[in-house]
Amino acid sequence: MTPAADPVLAAGLELFRGCPDELVRDMLAGLRQMDIDPGMSFDVSSTDASCCVLVRGRLALEFTGVTDHPRVIGLVEEGDLLVRPVQSWASVGPSMRCRAIDASSLVLVDGERLGAWVAQPVLGENVVHLLSAQVAERELAIAISLEPSVERRVLRKLHQLALRWGRVTPDGVRLDLRLTHQELASMVGAVRETVTLAMGRLQEQGEIHVHNRTVTILRGLEDRPQGPGT
């Protein structure tokens, strides 16, 4: 049996920013939590949840099209929402799954409870803000995928990831997601060997520095990431 949603895990998320602890407990009461081990996959449409909230861990959002080869189109971080695809799209379109990069926990939110969340002024505003940010992130990912040069796609993808997960250091913006070349290749629609060559050229050009799978972007990141990591 899945455990009950843990309000302590959820309280610190951006989703519940500005909400009293009592409201967080009320909004999570009766909801179930699903724990996913690293490497396991999860499909929102396989449950009766309207959406899920990632309260712990990190997921890779994988898209499988006509080639049946999964492609990572983004990362899902703690506090992100995963919305169930509409039935008409899910029945004819490609599949969308999440693969756990770290040990992760998702709170399953049914339609009635999601409606109650949106009806709360502060919580509803947070939901809209998060979904808008995720749409913008997906749109940028699509724009990056249209770049004809793999080298350019890799650099732009690293910039996109750094805007959210990077940390400013004296040497540049450090991106410590510890992605493998295969994971990065999946994000930019290329094979691993090509991405390895592209990373090498970017390092030779002084765009990035790589050490132990930690990437430091040395220049060209116009909008420095803000927040606790800076």
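### Section: the overall build of the chain
Secondary structure summary: the chain contains eight helices and twelve strands in total. For the chain, the proportion of contacts with a sequence separation of at least 24, taken over those separated by at least 6, is 71%. Roughly 12000 Å² of accessible area belongs to the chain as shown, and the carbon and sulfur atoms make up 54% of that amount.

### A closer look at the sheet that holds strand β3 (residues 51–56)
Across the sheet, four strands lie side by side as β1-β8-β3-β6; this open sheet has antiparallel pairing. The open sheet terminates on both sides in strands that have one partner only, identified here as β1 (32–36) and β6 (81–83). With strand direction ignored, the average angle separating the axes of adjacent strands in the sheet is 30 degrees. Both β3 and β6 contribute to a ladder of three bridges, which runs antiparallel. Across the sheet, Val53 pairs through a bridge with Leu81, a residue of β6. Lying on the sheet, helix α4 (residues 111–119) is in contact with β3 and β8 (104–109); it crosses β8 at an angle near 90 degrees.

### With respect to the pattern of salt bridges
Under the defined criterion, the tally for this structure stands at eight salt bridges. Residue Glu147 pairs with Arg152 through a salt bridge whose shortest N-O separation is 3.6 Å. Owing to a relative accessible area of 41%, Arg152 belongs among the partly exposed residues under this scheme. Three or more residues are tied together by salt bridges with common partners; here these are Asp80, Glu137 and Arg164.

### Considerations on helix α5 (residues 121–145)
Here α5 is 25 residues long and its end C-alpha atoms lie 37 Å apart, about the 36 Å a rise of 1.5 Å per residue gives. Within α5, burial applies to Leu123, Gly124, Asn126, Val127, Leu130, Gln134, Glu137, Ala141 and Ile144. Here the buried face of α5 lies against α2 (21–28), β5 (71–76), β6, α4 and α6 (150–165).

### Considering the state of the cysteines
Counted under the stated rule, the structure contains zero disulfides. Cys51 takes part in no disulfide bond, and the closest cysteine sulfur to it belongs to Cys52, at a distance of 6.6 Å. Exposure remark for Cys51: the relative accessible area of 2% places this residue in the buried category.

### Concerning the pairing of β3
Of all six residues making up β3, five are buried, and the element is well covered by its neighbours. Relative to β8, β3 is paired through five bridges, and the arrangement is antiparallel. Looking across to β8, one finds that Val53 is bridged to Val107.

### A word on the sheet that holds strand β11 (residues 208–211)
Pairing is antiparallel across the open sheet formed by four strands, whose spatial order is β9-β10-β12-β11. Strand pairing shows two members of the sheet lacking a second neighbour, β9 (167–169) and β11, which therefore form its edges. When the angles between neighbouring strand axes are averaged without regard to direction, this sheet yields 30 degrees. Of the strand pairs in this sheet, strand β10 (residues 172–175) and strand β12 (residues 214–217) are connected by three bridges, and their pairing is antiparallel. Each bridged residue has a counterpart across the sheet, and for Leu175 the counterpart in β12 is Val215. Set on the sheet, α6 makes contact with β9, β10, β11 and β12; between it and β10 the angle comes to about 85 degrees. Running over the sheet, helix α8 (residues 192–204) touches β11 and β12 and is turned about 120 degrees from β11.

### Quick notes on the side chain of Lys157
For Lys157, the position within the fold is in helix α6. Comment: no salt bridge for buried Lys157; closest opposite-charge side chain is Glu137, at 6.9 Å. For Lys157, the residues in contact, after removing those within four places along its chain, are Ile73, Ala141, Ile144, Leu184, Met187 and Val188.

Definitions and limits used
Residues numbered from 1 in each chain as written. Predicted model: local features only at pLDDT ≥ 70, side-chain atom pairs only at ≥ 80, totals over all residues. Heavy atoms only, no water. Helix = DSSP H or I, 4+ residues; strand = E, 2+ residues; numbered from the N terminus. Contact = heavy atoms within 4.5 Å. Areas by Shrake-Rupley, 256 points an atom, 1.4 Å probe, with all protein chains shown as cover. Pairing = 2+ DSSP bridges. Axes fitted to C-alpha atoms, helices over the stretch in contact; angles between N-to-C directions. Salt bridge = Lys/Arg side-chain N within 4 Å of Asp/Glu carboxyl O. Buried < 20%, exposed > 50% of the residue type's maximum accessible area, 1.4 Å probe, protein only. Expected span 1.5 Å × (residues − 1). Disulfide = S-S within 2.5 Å. Lys, Arg positive; Asp, Glu negative; His and termini not counted.

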